[in-house]
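Examination of the molecular architecture
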Amino acid sequence: MELVLLTALGVGGATVIGALIGFIFKSISHKFSDIVLAFAAGVMLAAAVLGLIIPSIEYGGKYGILITVAGIFVGAVCLNLIDRLVPHLHKLAGDEPESHNNANLSKVLLFVMAIAIHNLPEGIAAGVGFGSGDTAQALIIAGGIALQNIPEGMVIIAPMLAAGIRPRRTFVLAMITGLVEVVGTLIGYFAVSISTAILPFALAFAGGTMLYVISDEMIPETHAHGSERGATYALLVGFCVMLVTDVLLG
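The numbers attached to residues start from 1 for each chain and follow its sequence in the written order. Only residues with pLDDT of at least 70 get local features here, since the model is predicted, and only at 80 or more are side-chain atom pairs given and counted; chain-wide, interface and lining totals rely on the full set of residues. Values shown for side chains rest on all heavy atoms present in the structure; no hydrogens or waters enter the calculation.

1. Description of the nonpolar core
Short version of the rule: Buried Ala, Val, Leu, Ile, Met, Phe, Trp, Tyr and Cys residues form a nonpolar core when they are joined through side-chain atoms within 4.5 Å. The buried label applies to any residue whose accessible area, calculated with a 1.4 Å probe on protein chains only, is under 20% of its type's maximum; exposed applies above 50%, and partly exposed to all values in between. Helix and strand definitions follow DSSP, with helices as H or I runs of at least four residues and strands as E runs of at least two, each counted in order from the N terminus. Throughout, a contact is declared for two residues whenever any of their heavy atoms are within 4.5 Å.
Core analysis: the biggest nonpolar cluster contains 33 residues, and Leu-52, Ala-125, Ile-141, Ile-145, Met-210 and Met-218 have the highest contact counts within it. For this core, the elements supplying multiple residues, two or more each, are α2 (30–59), α3 (64–85), α5 (101–131), α6 (135–162), α8 (199–222) and α9 (228–249). The dominant element in this core, judged by the number of residues it contributes, is α2, at 10 residues. Filtering out sequence-adjacent residues up to four positions away, Leu-52 remains in contact with Ala-47, Ala-125, Ile-141, Leu-203, Ala-204, Ala-206, Gly-207 and Met-210.

Printed below as a string of structure tokens:
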């Protein structure tokens, strides 16, 4: 349990680390951001497949593949519904500031809320990984999510400062988005621990949410500013790094 709690704090803390970097480097080039985010997408892709989807099939027994496919689509649909209810975080991040300060402030706070809500299923994915009992794979999943949280933390600072939010409050809001991920990790862990019968579906569900985030948000964002070639290779590097790590730990 101590390891789960420390990992949850690490996953959420990665957003705070990104926020601190965002304070130091208030103007980060799109190219650098895209490369880092693409690398994180590759890491998350490998973590989703190796740490969540394949174990889901193995734990599911006779009907493992059916449970896994169902879980993947349910996870993706749930995030799709979240996107319909909450503005798309990367679209909000890319919007030009509005002339009216109050309107701009509302838009930025909406952006922060969107990130916080999207962080919940990512945290659940990390927690479900620990619920499977495979600590090495769980750490790989959590590491992939934490890596993705660093550029996410970086990107939320500049819009809040530009909207006139004081630095201290900006940092607190960034911490809250990370705290949501800590809560999600604990929810995922305890849900699977209470009933191992839901483990195959929960693993697939978590994998589906990660695949959705990668395809719907991370890859389009990394290809939107003219750095698609570098982003593609960065994704492959991230994927292969996690692949090698999985083999070495296995």
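2. Quick look at the side chain of Ser-56
This is how it is decided: Polar contact is defined as a pair of N or O atoms within 3.5 Å, subject to the rule that within protein one atom must be able to donate a hydrogen and the other to accept it, and that residues adjacent in sequence are counted only when both atoms are side-chain atoms.
Its place among the elements puts Ser-56 in helix α2. A relative accessible area of 0% means that Ser-56 is categorised as buried. From its side chain, Ser-56 meets the backbone oxygen of Pro-200 in a polar contact 2.7 Å long. When near neighbours in sequence (up to four residues on either side) are disregarded, Ser-56 contacts Gly-64, Thr-68, Pro-200, Leu-203 and Ala-204.

3. A word on the environment of Ala-19
Turning to its location among the elements, Ala-19 is positioned in helix α1 (residues 2–24). On the accessibility criterion, Ala-19 (0% relative accessible area) is buried. Taking the C-alpha atoms as reference points, Ala-19 and Thr-170, separated by 151 residues in sequence, lie 9.0 Å from one another. Beyond its immediate stretch of four places on either side in the chain, Ala-19 contacts Gly-153, Met-154, Ile-157 and Ala-174.

4. Observations regarding α2
Counted only if it meets this: Residue count minus one, scaled by 1.5 Å, sets the expected span of a helix. Across the chain, bend at a residue is computed as the angle between axes fitted to the seven residues ending at that point and the seven starting from it.
Relative to the 44 Å expected for 30 residues at 1.5 Å per residue, α2 spans 41 Å between its end C-alpha atoms, a close match to the ideal helical length. If you look at α2, its biggest bend is around 30°, right at Ala-48. Following α2 by one or two positions, Gly-61 adopts a phi angle in the positive range, close to 65°.

5. A few points about the packing of α2 against α8
We count it as follows: Working convention: axes come from line fits to C-alpha atoms, limited for helices to the stretch in contact. Angles between N-to-C directions cover 0 to 180 degrees. Roughly parallel means an angle under 35 degrees; roughly antiparallel means over 145; roughly perpendicular covers 65 to 115; every other angle is labelled oblique. Handedness of each helix crossing follows the sense of rotation of the near helix against the far helix: counterclockwise by less than a right angle gives left-handed, clockwise gives right-handed. Residues are grouped as follows: nonpolar covers Ala, Val, Leu, Ile, Met, Phe, Trp, Tyr, Cys and Pro; charged covers Asp, Glu, Lys and Arg; every other residue, Gly included, is treated as polar.
Two elements in contact, α2 and α8, have axes whose closest approach is 8 Å; the angle formed by their N-to-C orientations is 160°. Relative to α8, α2 is oriented roughly antiparallel. Seen from above, α2 lies across α8 with left-handed handedness. Across the contact of α2 with α8, the residue classes tally to 21 nonpolar, four polar and two charged.

6. What to know about the packing of aromatic side chains
To keep things clear, this is the line we draw: Pairs were defined over the aromatic rings of Phe, Tyr and Trp, the Trp ring being its six-membered one, requiring ring centres within 6.5 Å. Orientation was assigned from the angle between planes: stacked under 30 degrees, edge-to-face over 60, tilted for the rest.
Scanning the model with the defined rule gives two aromatic pairs in all. Between Phe-201 and Phe-205, the aromatic rings sit 6.4 Å apart at their centres with planes inclined by 35°, giving tilted as the arrangement. Of this pair, Phe-201 and Phe-205 both sit in helix α8, four residues apart, which is roughly one turn of that helix. A relative accessible area of 34% means that Phe-201 is categorised as partly exposed.

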